[in-house]
Amino acid sequence: MKKFILSIIACVFILSICGLLPARSENNKTIKEDETTLYLDTPVNRPRMPSKIAIHCMYRNGEVRFSFPEELEYLTVTIEHAESKTTWTSQVGHEEYMLISTANGTYNVSAITESGQHFSGILHVTE
């Protein structure tokens with residue numbers, strides 16, 4: 001009888017461990033994310049003046065989202081992977097995002113507002 005109870009406990013223990021394995025592997029997924037601020041492009045020989053507009057760029061697993069003031073309706077955005085020279089261009093609004101590859105590396109991001117102001121920044125994606 002003692003062996004029977006020990007074998008039932010062992011089976012329950014093994015089944016509970018097997019039940020946890022898929023949950024653990026789901027937690028081990030690699031999440032690639034980064035955030036940067038795009039700054040107003042100014043001539044090189046002038047000091048950079050603080051801009052009244054801030055554009056924030058957030059990357060997470062292939063999605064690039066932009067946060068910018070409500071008075072702007074949209075941005076025309078170009079993203080270029082520095083190593084492969086692959087380029088994505090899109091017009092994004094407040095609730096829209098861009099899909100790009102998930103390759104590690106440096107991405108040059110530029111945005112043009114509807115009034116013609118040019119902003120740029122660099123996004124670094126790592127694992």
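Coordinates for the structure precede this section.
Everything quoted here is computed from the prediction, not taken from an experiment. (Residues numbered from 1 in each chain as written. Predicted model: local features only at pLDDT ≥ 70, side-chain atom pairs only at ≥ 80, totals over all residues. Heavy atoms only, no water.)

S.K.: Explain the overall build of the protein chain residue by residue, including any values.
M.R.: Counting secondary structure elements, the protein chain contains one helix and eight strands. The secondary structure elements of the protein chain, listed N-terminal to C-terminal, are α-β-β-β-β-β-β-β-β. Here the protein chain holds 127 residues, and 24% of them are scored as buried. Within the protein chain, counting contacts between residues at least 6 apart in sequence, those at least 24 apart form 49% of the total. (Helix = DSSP H or I, 4+ residues; strand = E, 2+ residues; numbered from the N terminus. Buried < 20%, exposed > 50% of the residue type's maximum accessible area, 1.4 Å probe, protein only. Contact = heavy atoms within 4.5 Å.)

S.K.: Describe the side chain of Thr113, and please don't skip the residues or the numbers.
M.R.: Residue position: Thr113 is located in strand S7 (residues 105-113). If we skip the residues at most four places from it in the chain, Thr113 touches Ile55, Leu72, Tyr74, Leu75 and Phe119.

S.K.: Explain the nonpolar core residue by residue, including any values.
M.R.: Core analysis: the largest hydrophobic core is formed by 22 residues, its most contacted members being Phe66, Leu75, Val77 and Ile79. When contributions to this core are tallied by element, the ones reaching two or more residues are strand S2 (55-60), strand S3 (63-67), strand S4 (75-81), strand S5 (87-92), S7 and strand S8 (118-125). If near-sequence neighbours (up to four positions away) are discounted, Leu75 is found in contact with Ile55, Phe66, Phe68, Ser90, Gln91, Val92, Ala111, Ile112 and Thr113. (Core = buried A, V, L, I, M, F, W, Y, C linked by side-chain atoms within 4.5 Å.)

S.K.: With reference to specific residues and values, describe a negative patch on the surface.
M.R.: Residues Glu70, Glu71, Glu95 and Glu96 make up a contiguous surface patch of negative charge. For Glu70, the location among the structural elements is in the loop between S3 and S4. (Patch = residues over 30% accessible without salt bridge, like charges linked within 9 Å, V, L, I, M, F, W, Y side chains within 5 Å. Areas by Shrake-Rupley, 256 points an atom, 1.4 Å probe, with all protein chains shown as cover. Salt bridge = Lys/Arg side-chain N within 4 Å of Asp/Glu carboxyl O. Lys, Arg positive; Asp, Glu negative; His and termini not counted. Charge placed at Lys NZ, Arg CZ, Asp CG, Glu CD.)

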